[in-house]
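These are the residues of each chain, in order.
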Number of protein chains: 4
Amino acid sequence: MSGVRRIGVLTGGGDAPGLNAVIRAVVKACKYIHHITVIGITGGYAGLVELRARELTLDDTSGLLVRGGTILGTSNRANPFRYPYVRPDGAEEMIDASPAVKKNFEKLGLDCLIAIGGDGTLACSERMQRELGIPVVGVPKTIDNDLSATEYTFGFATALEVATNALDRLHTTAESHHRVMLLEVMGREAGWIALHAGMAGGADVILIREIPFRIEPILAKFRARERRGRPFSLVVVAEGAAPAGGDQVFASEDALTGWKRLGGISAAVARQIEELGGYEVRSTILGHIQRGGSPVPVDRILASRCGVEAARLAATGQFGQMVALRADQIVAVPLVDAIGKLKLVDPGCQMVAAARAVGTVFGDEDPEAVEESEG
Amino acid sequence: MSGVRRIGVLTGGGDAPGLNAVIRAVVKACKYIHHITVIGITGGYAGLVELRARELTLDDTSGLLVRGGTILGTSNRANPFRYPYVRPDGAEEMIDASPAVKKNFEKLGLDCLIAIGGDGTLACSERMQRELGIPVVGVPKTIDNDLSATEYTFGFATALEVATNALDRLHTTAESHHRVMLLEVMGREAGWIALHAGMAGGADVILIREIPFRIEPILAKFRARERRGRPFSLVVVAEGAAPAGGDQVFASEDALTGWKRLGGISAAVARQIEELGGYEVRSTILGHIQRGGSPVPVDRILASRCGVEAARLAATGQFGQMVALRADQIVAVPLVDAIGKLKLVDPGCQMVAAARAVGTVFGDEDPEAVEESEG
Amino acid sequence: MSGVRRIGVLTGGGDAPGLNAVIRAVVKACKYIHHITVIGITGGYAGLVELRARELTLDDTSGLLVRGGTILGTSNRANPFRYPYVRPDGAEEMIDASPAVKKNFEKLGLDCLIAIGGDGTLACSERMQRELGIPVVGVPKTIDNDLSATEYTFGFATALEVATNALDRLHTTAESHHRVMLLEVMGREAGWIALHAGMAGGADVILIREIPFRIEPILAKFRARERRGRPFSLVVVAEGAAPAGGDQVFASEDALTGWKRLGGISAAVARQIEELGGYEVRSTILGHIQRGGSPVPVDRILASRCGVEAARLAATGQFGQMVALRADQIVAVPLVDAIGKLKLVDPGCQMVAAARAVGTVFGDEDPEAVEESEG
Amino acid sequence: MSGVRRIGVLTGGGDAPGLNAVIRAVVKACKYIHHITVIGITGGYAGLVELRARELTLDDTSGLLVRGGTILGTSNRANPFRYPYVRPDGAEEMIDASPAVKKNFEKLGLDCLIAIGGDGTLACSERMQRELGIPVVGVPKTIDNDLSATEYTFGFATALEVATNALDRLHTTAESHHRVMLLEVMGREAGWIALHAGMAGGADVILIREIPFRIEPILAKFRARERRGRPFSLVVVAEGAAPAGGDQVFASEDALTGWKRLGGISAAVARQIEELGGYEVRSTILGHIQRGGSPVPVDRILASRCGVEAARLAATGQFGQMVALRADQIVAVPLVDAIGKLKLVDPGCQMVAAARAVGTVFGDEDPEAVEESEG
């Protein structure tokens, strides 16, 4: 017997479709299987510091599976160890609020905390267990799918659908107007969304941070397509994509001001394509549309399975673990092994090879070979 | 008997979902009902100048109803009366290419031309009939729904769906993060997309060109919602929206550089909300996603009905007319009456009143009244 | 001054996407514009008989715009004038419960009742005003779009989208397998959904109650398509469709048992196509999927506008009216003029003519002409 | 060097979203990477028997990624070893057409055949390699996801989306009307679609062939929900679901006629729920809508990766293999190991346990325990 009777649950960091589905599954599994009480902490770790919490019952789970966002709210002040404190004189300083966390954890009578969040939230949880002795179970959340310990995270498939739908729409306009259409998607560090959406949307060019690009092979691809009677192209750019060699690669004015100031990487790429290639380019930055809204079925299922397994780990006293998806099974991995390492796209991986095989250019190719490829 | 045996069809101007559905309906109606031949002219009026055309048969209509874009292609060089000509020495000058149009029209053996396009394309068609004696029938196309002679144009409902889906997704993120989410949609002159999407997506604020806005009532709405426990808001901004009084309304740096240079109106509004209201704002510019992709059912039907009626007008010799939707019937209106007047949002119209009635702020309200409105 | 201070609102009859959007608009308009109280009556008229009601506030409208169904619930026992009563001995009898309605209307302190419902609910409301002196305002609701006084009713566009999506999916399977795919949609009396979905989904055959069909022209269409290299077809059948001449038209066993017992009209049509035409047929009955779920943007707007206008009529004492859509304006029409007459598809109307012009067969054509039509 | 210069590709068996994406990837990979020719065989194995084939080029891949169905067509006469032959006297007999296959394979100058199909098509391919010496590579296709050698097959995620969307729509109607809504989905042998859609759509009851059900625990679930103020429920039924103990479990008339004759299992279950539980039930049979239409992004990616890997196996002479998905990698498994064994839902598996943990009833539970579960 684990003796666990009351568990807390919180959501931290940015939005991801499926957060509510995890909360629902935790509450339901705790009710139906483990017969233990669930306390929802609102506003992420800030809710533990400032003691904002309420019991979650079956009635709270009604309609939750399909709903985007998180009913618990979240907070950007994710770290109780460095917490903003406003002094009586109005000045703000950073304090260690972890004693308040410890005290409130006990005040709420909790036996364990399920933390649903990204690398920051999970790292914080791990430290809390290590330093404060608060038993934790983690549920990984990253819309970018860049957590190393798990194959996929919930929310990613929904972001992929939004990005792919956008590409499908841009496709027909590109075709009718003989244009280059450029779509900037999320992925500051890891290019998973760009890679998957590019494959699903039939992008001619995919630019990601892991594969520094040059403009020449991109223009070569456009020319090759043009010769084959396809005078239009689709380009997907991860927001973290960067040219090989850095700023100096871009011409004149861009080099002076730095491409990062030009409205992001997609604006810089668009200008290069227009100036050097003479193509008409239209850009769209998808932004937060990718991380909101009702989760697609695959994400609802993954989130539900994660919630059920997190509840089981908590209820059976298996603390310091994080749930993860591997070979279609939800498994538990130690939090210490899971945090602090980003899962980046390996340029030599099977997915990138598959994208190249269907003709997608990443910008690191030999321009001449690209130009000849369409035959 | 009209004696019409061969009609040409072309698409001009920007993309709009439903163009292919019109083409399909023209071809089918000409085949099944009127037993006349349809010649598709590619690249808009450029195709008439440069004689690029082919016969369209039933086989060409396969799969066309659901497909975005236009199989005929389009062209930004819409005006044969001022047509770009590249001289042997490489310099470009504008010439009157209408004699080529007249000659090619006769070479193709056409009895009539169905022109599917926006105000520019239709004005050009009207002039062609008047000056060159080319019999034309028009089909109005404007994603912005700003053509005066018709209640709705195909493509508008699809753009509305894309914009509304985006708002639905932004809604949950706004709610989870206590943010202001801002969505910029199309509408340089007329704010129809912003108005309709704002109503369909439950926007708290709608900014359109027809109603110059001030920041104060907008911030008042945010504060009123906050007091009612809704510390998040949704703002839809038409790309043509502008502040009352012009640039000087915006503070400091913006006033110097001009808000139009700040990445568009939505960036300027976002900055004002952040600086003056202290809110966290996230912006998305939907861009070309709104005008591509498969048309929604309502647009497929409207486009098909327009195509059928245009074919009937052409086949029965009723030239110089444009098809239009009025009270759920497709009617014919003289081209001369239809062109040159934009249909703008009347600030006193029923739709705007309805939006205000459900609490939407347009930025021209009394801030104090707004602040008290949520009670 | 109308002196209206409290209005009740109820939803009656079958589900339709947009009911919640109407409720939301009523509550918001009453709050923001008219400053009057809204009482929600649950379970339709049964809620007035059995006094189940609660005040609706702005907080109740949160998330309501996008939500299918009705938070007020509905009831199949729509008629208080003939209301089921269970006697102490367990037997059920029909009684006149209108005195209870009158009493509870006064007990709740209501000045007016907004009834959102179909022909039955509206007829009942009109009688209530006439016989009991209860002031009513009606909002028409019919997924079938068969109410005579209004061009379109909310929910119809959503049903159309569901039916069209289904046709789009069936299309590719039909094409790959050389089959006839048959889709049965709602429309017991009026064939509007079948007609619109058939046009939007490119159906080859549309069967509706208003145009009795024979099998021969249908098979002729299949053969004509086959000869043109299209050995597959899509058929949309309204649930109320019926053969010309009645049962005896169907062969052998069907004639004996009656086609209505064979799992509905689509099963009977499928069998005829298989037996007489030798085609492989697959059928789907869409059923209740058509009337549930989140409303499409067009329906959300229409429902909101109806709610706002109903609130205005109620607040300004314009009783006995129903809101209606005409030429893109919401207008008021007397309830007595609106009820009791179904709006059926006129076989000679422009929409049917347009469908025929794009090659759709309704089953009343000359088989030989159909066979020659594809040329 | 494998010496492979020309490969054939065919699609066999039922439709599944993603078939065209596989064909596209095969053609593109063969062009861009392997520089070999692809011959498309139309109508499945019938196309090899009757020699219907054409070369596939890059131009044929245009627009193919998003398109449902298969441009190669398919055939229900999947087995050349038992092929229907119409004798001169009109009688049909089964003959061994494999010599024709062998001859035509050589006539087309093929070095290898890529067969995309279900268990039947793959078994046939394996036999062809073994008995006729035709080198084959297999790509598994099953909408039901019941192939043992691979974690997921393309098309399954799309079917899941269609079924989940239907459940989402039924949900709101069930709630508004206090009804039991029943959805029958595909899955004659394996209940994967029902299990996944049930989890994604929040079904209260999931019935699959692998877990024989009784009515009592189902009614107990309904009652428990009713007591908790949820007088409505969602039931997903796989078409192959069957009661524990067989027909005799069903009452009176059903037992006499056999439940399978009552319009399928869902009709029988609906009747039992109505008669024994007194609930109002509405049923929908999704049918072929689940297997048509544009594939969701996840399926497009999986199909593309399968096609690329199949082309690689073919080009490098690795015959007798089938591509499969394992732990997010596409791997090759021997055809002989992959065919003939269905992957059924293990009642003790993690997914079923997760579904039970969120309160889903499968019909094999103790009714009393179910009744107490909602507390």
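Residues numbered from 1 in each chain as written. Chains lettered and ligands numbered in written order. Predicted model: local features only at pLDDT ≥ 70, side-chain atom pairs only at ≥ 80, totals over all residues.

**A short note on the overall build of chain A**
- Of regular secondary structure, chain A possesses 13 helices and 13 strands.
- Computed over the C-alpha atoms, the radius of gyration of chain A is 23 Å, within 12% of the 21 Å expected from 2.2 N^0.38 for a compact globule of 375 residues.
- Taken along the three principal axes of its C-alpha coordinates, chain A extends 70 × 50 × 35 Å.
- Scored against the burial criterion, the 375 residues of chain A give a buried share of 63%.
- The long-range share in chain A, meaning contacts at least 24 apart out of those at least 6 apart in sequence, stands at 75%. (Helix = DSSP H or I, 4+ residues; strand = E, 2+ residues; numbered from the N terminus. Rg over C-alpha atoms; globule rule 2.2 N^0.38 Å. Buried ≥ 20, exposed ≤ 12 C-beta atoms within 10 Å, placed from the backbone. Contact = placed C-beta atoms within 7 Å.)

**Some words on the domain arrangement of chain A**
Residue and element names in this part refer to chain A.
- You can read the domains of chain A as domain 1 (6-154 + 295-338) and domain 2 (159-291 + 346-373).
- With 8 residues of domain 1 in contact, the opposing surface of domain 2 contributes 10 residues.
- Considering only residue class, the side of domain 1 that touches domain 2 consists of 3 nonpolar, 2 polar and 3 charged. (Domains from an automatic or database assignment. Nonpolar A, V, L, I, M, F, W, Y, C, P; charged D, E, K, R; others polar.)

**Section: the relation of the copies chain C and chain D**
- With an axial shift of 0.0 Å and an RMSD of 0.0 Å, the rotation relating chain C to chain D amounts to 180°. Overall, the copies show the geometry of a two-fold rotation axis.
- In this assembly the copies share their binding face: 100% of the residues contributing to the interface of chain C also contribute to that of chain D. (Least-squares fit on C-alpha atoms with pLDDT ≥ 70 in both.)

**Section: the interface of chain C and chain D**
- Counting residues at the interface gives 28 residues for chain C, matched by 28 residues for chain D.
- Looking at the side of chain C that touches chain D, the elements with two or more residues in it are helix H5 (156-177) and strand E11 (281-285) of chain C.
- At 10 residues, the largest contribution of residues to the side of chain C that touches chain D is made by H5(C).
- Split by residue class, the side of chain C that touches chain D holds 5 nonpolar, 16 polar and 7 charged.

**Comments concerning the nonpolar core**
- If you look at the biggest cluster of nonpolar residues, it comprises 534 residues, and the most contacted ones within it are A:Val26, B:Val26, B:Ile114, C:Val26, C:Ile114 and D:Val26.
- Excluding residues that lie within four positions of it along the chain, D:Val26 makes contacts with D:Val9, D:Val38, D:Ile114, D:Gly307, D:Ala310 and D:Ala311. (Core = buried A, V, L, I, M, F, W, Y, C linked by C-beta atoms within 7 Å.)

**A look at the sheet that holds strand E12 (residues 321-326) of chain A**
All names here are of chain A.
- One open sheet accounts for 7 strands, arranged E3-E2-E1-E6-E7-E12-E13; its pairing is mixed. Looking at the sheet topology across the chains shown, the edges are occupied by strand E3 (53-56) and strand E13 (329-334). Sheet twist, expressed as the mean angle between neighbouring strand axes with direction ignored, is 30°.
- In this structure, strand E1 (residues 6-11) lies alongside strand E2 (residues 37-41), joined through 4 bridges in parallel fashion. From the neighbouring strand, Gly 8 faces E2, where its bridge partner is Ile 39.
- Lying on the sheet, helix H10 (residues 297-315) is in contact with E1, strand E6 (112-117), strand E7 (136-140), E12 and E13; it crosses E7 at an angle near 170°. (Pairing = 2+ DSSP bridges. Axes fitted to C-alpha atoms, helices over the stretch in contact; angles between N-to-C directions.)

**Topic: the arrangement of the chains**
- As for chain C relative to chain A, no contact occurs, and the smallest C-alpha gap between them is 10 Å.
- One thing to see here is that chain B and chain D don't touch, and their nearest C-alpha atoms sit 10 Å from each other.

**Re the sheet that holds strand E7 (residues 136-140) of chain D**
Residue and element names in this part refer to chain D.
- With mixed pairing, the 7 strands of this open sheet are ordered in space as E3-E2-E1-E6-E7-E12-E13. In this open sheet, the two strands that pair with only one neighbour each are strand E3 (53-56) and strand E13 (329-334). Ignoring which end each strand starts from, the neighbouring axes of this sheet average 30° apart.
- Pairing geometry for strand E1 (residues 6-11) and strand E6 (residues 112-117), over 5 bridges, is parallel. Counted as the bridge partner of Leu 10 is Ala 115 from E6.

**Describing the confidence of the model for chain A**
Residues and elements named next belong to chain A.
- Averaged over chain A, the pLDDT score is 92; the fraction of residues at 70 or greater is 95%.
- Confidence drops under pLDDT 50 across residues 251-261; counting only partners more than four residues distant or on other chains, this segment forms 14 contacts.
- Across the interface, the model reports ipTM at 0.94; the global pTM reads 0.95. (pLDDT = per-residue confidence, 0-100.)

**Let's talk about helix H1 (residues 19-34) of chain C**
- With 16 residues, H1(C) should cover 22 Å at 1.5 Å per step; its first-to-last C-alpha distance of 21 Å lies within 8% of that length.
- Counted residue by residue, H1(C) has 14 buried out of 16 residues, so it is predominantly covered. (Expected span 1.5 Å × (residues − 1).)

**A word on the interface of chain B and chain A**
- Contact with chain B, which involves 28 residues of that partner, is made by 28 residues of chain A.
- Listed by contribution, the elements that provide at least two residues to the side of chain B that touches chain A are helix H5 (156-177) and strand E11 (281-285) of chain B.
- The greatest single-element share of the side of chain B that touches chain A, amounting to 10 residues, is contributed by H5(B).
- Of the residues contributing to the side of chain B that touches chain A, the split by class is 5 nonpolar, 16 polar and 7 charged.

**A short note on unusual backbone geometry**
- Phi at C:Ala327 is positive, roughly 50°, even though this residue is not glycine.
- Along the chain, C:Ala327 turns up in the loop between strand E12 (321-326) and strand E13 (329-334).
- The phi torsion at D:Asn145 lies on the positive side, around 60°, for a residue other than glycine.
- Inspection of the secondary structure assignment puts D:Asn145 in the loop between E7 and helix H5 (156-177).

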